[in-house]
Amino acid sequence: MEKDIKIYRMKIFYYALKYKGVWKDIYNAIKQQEEWDEEWTLEAIKKTKANWVTVIDSNYPERFKFINNPPFIIFYYGDLSLIDSDKILGVVGSRNASSY
């Protein structure tokens, strides 16, 4: 059972990167049991500096479970448990900021 969870987590990681976080595409890959590259995934996990949690993990934030199309995976730095606290601050930025 625990080995299955590890495989599912790695598949979610793989699909999230392959489909650049697009929920519908990740969902379809999971639903259709799309093939995935385990070796590539293991290497990508090693290179990832951020922490990450998937929707199937026990420490996935409760608040996210109740939104429409919750993220399959969350990459984060810091203390993830703070998301479930009463005081929350979110910072959103553009990956490709323009001079404007």
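Residues numbered from 1 in each chain as written. Predicted model: local features only at pLDDT ≥ 70, side-chain atom pairs only at ≥ 80, totals over all residues. Heavy atoms only, no water.

## Concerning the side chain of D57
Thought 1: Positionally, D57 belongs in the loop between β1 (51–54) and α4 (62–65).
Thought 2: Overall, D57 belongs to the buried group, its relative accessible area being 11%.
Thought 3: In terms of polar contacts, D57 uses its side chain to reach the backbone amide nitrogen of T54, at 2.7 Å. (Helix = DSSP H or I, 4+ residues; strand = E, 2+ residues; numbered from the N terminus. Buried < 20%, exposed > 50% of the residue type's maximum accessible area, 1.4 Å probe, protein only. Polar contact = N/O pair within 3.5 Å; in protein donor to acceptor, adjacent residues only side chain to side chain.)

## Some thoughts on the packing of aromatic side chains
Here the distance between the centres and the angle between the planes together describe a pair of aromatic rings.
Thought 1: In total, this model carries eight aromatic pairs according to the counting rule given.
Thought 2: With centroids separated by 5.8 Å and ring planes inclined at 65°, the aromatic side chains of F13 and F75 adopt a geometry described as edge-to-face. Of this pair, F13 sits in helix α1 (residues 2–18) while F75 sits in strand β2 (residues 73–76), and the two are 62 residues apart along the sequence.
Thought 3: Members of the aromatic cluster, each reached through a chain of ring pairs, are Y14, Y15, W36 and W40.
Thought 4: Above the face of the W52 ring, R9 is positioned so that its terminal group lies 4.3 Å from the ring centre. (Phe/Tyr/Trp six-rings, centres within 6.5 Å; stacked < 30°, edge-to-face > 60°. Lys NZ or Arg CZ within 6 Å of the ring centre and 35° of its normal.)

## Here we look at the environment of M10
Thought 1: Within the fold, M10 resides in helix α1.
Thought 2: When the C-alpha positions of M10 and N28 are compared, they lie 16 Å apart, and in sequence the two are 18 residues distant.
Thought 3: Once residues lying within four places of it in the same chain are set aside, the contact partners of M10 are W36, E38, T41, L42 and I45. (Contact = heavy atoms within 4.5 Å.)

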